[in-house]
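Analysis of the macromolecular model
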Amino acid sequence: MAAVGGWWAVDSMGLSKTPHVIPSCSEAPLGESELKSSRSRRLRGWVGVLRTVLGFVLALAGAAAVVVGVTLQWLQDSLVDRDGFAQISQELVHDESLQQELTDTAVTQASDAVQGQDLGAVPFSGALKDMADRRIAGYIREYVDSDQYVDDWNDVLLTTHQINIEPAGSLPETSGDGAPEDLELYVAPVVGSLESHIEDRLQDTLGVRLNLDLRDQEGLGGQDGIIVVRDSATGPAFDTIADSTVQAPLLLWGGVAALVLAALLSRHREWVLVGAGVGAATAAVLAQRGAQELTSTVLASPDLQDVGRSLVERVFQILLTGMDHTLAPWLWGGVAVAVVGALLAAARLLWRSGSRDSWETGHTLTQDQRRRRVVEI
């Protein structure tokens, strides 16, 4: 007669003997091979977790290194390189707000300089001053619309680059002696052209030869034509940028190698996506924040006024815009990759949870089944 969980042996006389019980799957003792298999599975599980964590860290660092390398390469092409920096002058030439600031400042400074001239018994005030101011404003507008203005601004930007950027850096690869502590703006070409153009036009129209010296006016750079932005502390920043741009190729290739190694090492590659996305987005945000902090520090200088302030604002605005355009794909791409990786990781966890519940349901005996494992007659 069959019994639950075992079977009955019957002798030749039909009498039953001691039942032979087959252990249920939930109560069968584990053999040595099964113990080894269980330990091996646990070990593989911990190794898999370790591989996934290392893959996440490598992806995080690798993506951040790639973004930093891209940023440094952009700085090399747009700021450190002389030809790249010269492209900024093309945008400044057509900047109407800068032209208006230059006109207003030059009119004020030229009017003050004219008042200091010896005009004999003619007082320089009232209608005469208003007429001179209008004429000076017209002369400045003529200069701004001329080719000489374009050439002067190219000279301004390239000489400013030569003073501040070219000597930056301390590494042998940069061949620099260090940038000036504070930002120095060279505006002498524009000031000199303004002086000569206003003098010539006043002589042609009024018949008066004046000897203007706009360089005596601090708003136009002083005697040497250089506006020193005190307390701007751009020197250390320029030195760091010049030294760091040399490492851009190393960071780029090192980051790519780390990403490849992370993909090969990690057991669950969705966490590689999460790490890469977080690393890229974080590096992009930190790079943008660092550039904005440097801009704020420079613009906070009390010595930065009039044309100098407008010039610095426009140069940094152009640089920040270019950096934002370079980093935006990495920022939003990193966010998208991190989200995709997180969704894949969540899907894996849900799938594993459902599989474990199904296995336990199919392999666990109920209490009633355990009570009926042997039926006695």
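Residues numbered from 1 in each chain as written. Predicted model: local features only at pLDDT ≥ 70, side-chain atom pairs only at ≥ 80, totals over all residues. Heavy atoms only, no water.

Moving on, we come to the overall build of the protein chain. A count of helical and extended segments in the protein chain gives 11 helices and 5 strands. With 377 residues in all, the protein chain has 38% of them scored as buried. Considering only contacts in the protein chain between residues 6 or more positions apart, those separated by 24 or more positions represent 78%. Just so you have it, the protein chain exposes about 21,000 Å², and 58% of that area is on carbon and sulfur atoms. (Helix = DSSP H or I, 4+ residues; strand = E, 2+ residues; numbered from the N terminus. Buried < 20%, exposed > 50% of the residue type's maximum accessible area, 1.4 Å probe, protein only. Contact = heavy atoms within 4.5 Å. Areas by Shrake-Rupley, 256 points an atom, 1.4 Å probe, with all protein chains shown as cover.)

Let's shift gears to the side chain of T71. If you trace the backbone, T71 turns up in helix α1 (residues 32-80). Setting aside residues no more than four positions away along its own chain, T71 makes contact with A287, M323 and L327.

Moving on, we come to a nonpolar patch on the surface. A cluster of nonpolar side chains, namely W253, V256, V260 and L264, defines an oily patch on the protein surface of about 460 Å² accessible area. Structurally, V256 is set in helix α8 (residues 248-265). Of the residues examined, V256 reaches a relative accessible area of 38% and is grouped as partly exposed. (Patch = residues over 30% accessible without salt bridge, like charges linked within 9 Å, V, L, I, M, F, W, Y side chains within 5 Å. Salt bridge = Lys/Arg side-chain N within 4 Å of Asp/Glu carboxyl O.)

Take the layout of surface pockets next. Considering only enclosed or pocket space, the largest pocket measures out at about 620 Å³ in volume. Around the largest pocket, the lining comprises 33 residues; the ones closest to its centre are L75, L79, F238, I241 and L294. The biggest single contributor to the lining of the largest pocket is helix α10 (residues 306-363), with 7 residues. Of the residues assigned to the lining of the largest pocket, the class counts are 25 nonpolar, 8 polar and no charged. (1 Å grid on protein atoms, 1.4 Å probe; cavity = no way out; pocket = protein on both sides within 12 Å on 5 of 7 lines; lining within 4 Å. Points joined across faces, edges and corners; volume = space filled by probe spheres on them. Nonpolar A, V, L, I, M, F, W, Y, C, P; charged D, E, K, R; others polar.)

Moving on, we get to the environment of S244. Summarising the element assignment, S244 is placed in helix α7 (residues 234-245). Counting along the chain gives 176 residues from S244 to V68, while the straight-line C-alpha distance between them is 9.8 Å.

Residues R51, R267, R269 and R352 make up a contiguous surface patch of positive charge. Look at R352 and you get partly exposed, because its relative accessible area is 41%. (Lys, Arg positive; Asp, Glu negative; His and termini not counted. Charge placed at Lys NZ, Arg CZ, Asp CG, Glu CD.)

With that settled, consider the nonpolar core. Core analysis: the largest hydrophobic core is formed by 63 residues, its most contacted members being L79, L92, I140, W153, L185, L311 and V315. Those residues within four positions of L79 in sequence are excluded, and the remaining contacts are W74, F85, H161, I165, F238, I241 and L319. (Core = buried A, V, L, I, M, F, W, Y, C linked by side-chain atoms within 4.5 Å.)

So, on to helix α2 (residues 82-93). The terminal C-alpha atoms of α2, which comprises 12 residues, lie 17 Å apart, in line with the 16 Å expected from a rise of 1.5 Å per residue. Those residues of α2 that fall on the buried side of the exposure criterion are G84, F85, A86, I88, S89, L92 and V93. For α2, the capping residue at the N-terminal end is D81, with a side-chain oxygen 3.2 Å from the backbone nitrogen of D83. (Expected span 1.5 Å × (residues − 1). Polar contact = N/O pair within 3.5 Å; in protein donor to acceptor, adjacent residues only side chain to side chain.)

Time to look at the side chain of T295. Tracing the sequence through the fold places T295 in helix α9 (residues 270-299). Under the relative-accessibility criterion, T295 is labelled buried at 9%. In contact with T295, other than residues within four places in its own chain, are F316 and L320.

The subject of this paragraph is the pattern of salt bridges. Per the stated rule, a full pass over the model turns up 2 salt bridges. Salt-bridge contacts for E166 lead to R82; the nearest nitrogen and oxygen are separated by 3.0 Å. Residue E166 is located in the loop between α5 (147-164) and β4 (183-186), and its partner R82 is located in helix α2; the two are separated by 84 residues in the primary sequence. With a relative accessible area of 34%, R82 lands in the partly exposed category. A salt bridge links E270 to R348; the shortest N-O distance between them is 2.7 Å. With E270 in helix α9 and R348 in helix α10, this pair connects stretches of sequence that are 78 residues apart.

On to the packing of aromatic side chains. We describe a pair of aromatic rings using the distance from one ring centre to the other and the angle between the two ring planes. Scanning the entire structure with this criterion turns up 2 aromatic pairs. Consider the rings of Y143 and Y149, whose centres lie 5.6 Å apart with planes at 90°: the pair is edge-to-face. Both residues of the pair, Y143 and Y149, count as buried. Ring geometry for Y149 versus W153: centroids 6.0 Å apart, planes at 90°, classification edge-to-face. Taken together, the residues Y149 and W153, both in helix α5 and 4 residues apart, mark about one turn of the helix. Assigned by exposure class, Y149 and W153 land together as buried. What links up through ring pairs into an aromatic cluster is the set Y143, Y149 and W153. (Phe/Tyr/Trp six-rings, centres within 6.5 Å; stacked < 30°, edge-to-face > 60°.)

Let us look at the confidence of the model for the protein chain. Confidence along the protein chain averages 76 in pLDDT terms, with 69% of residues attaining 70 or more. Every residue in residues 1-28 scores below 50 in pLDDT, and together they form 41 contacts with partners more than four places removed in sequence or on other chains. Here residues 369-377 scores under 50 on pLDDT; set against residues more than four positions off or in separate chains, the count is 18 contacts. (pLDDT = per-residue confidence, 0-100.)

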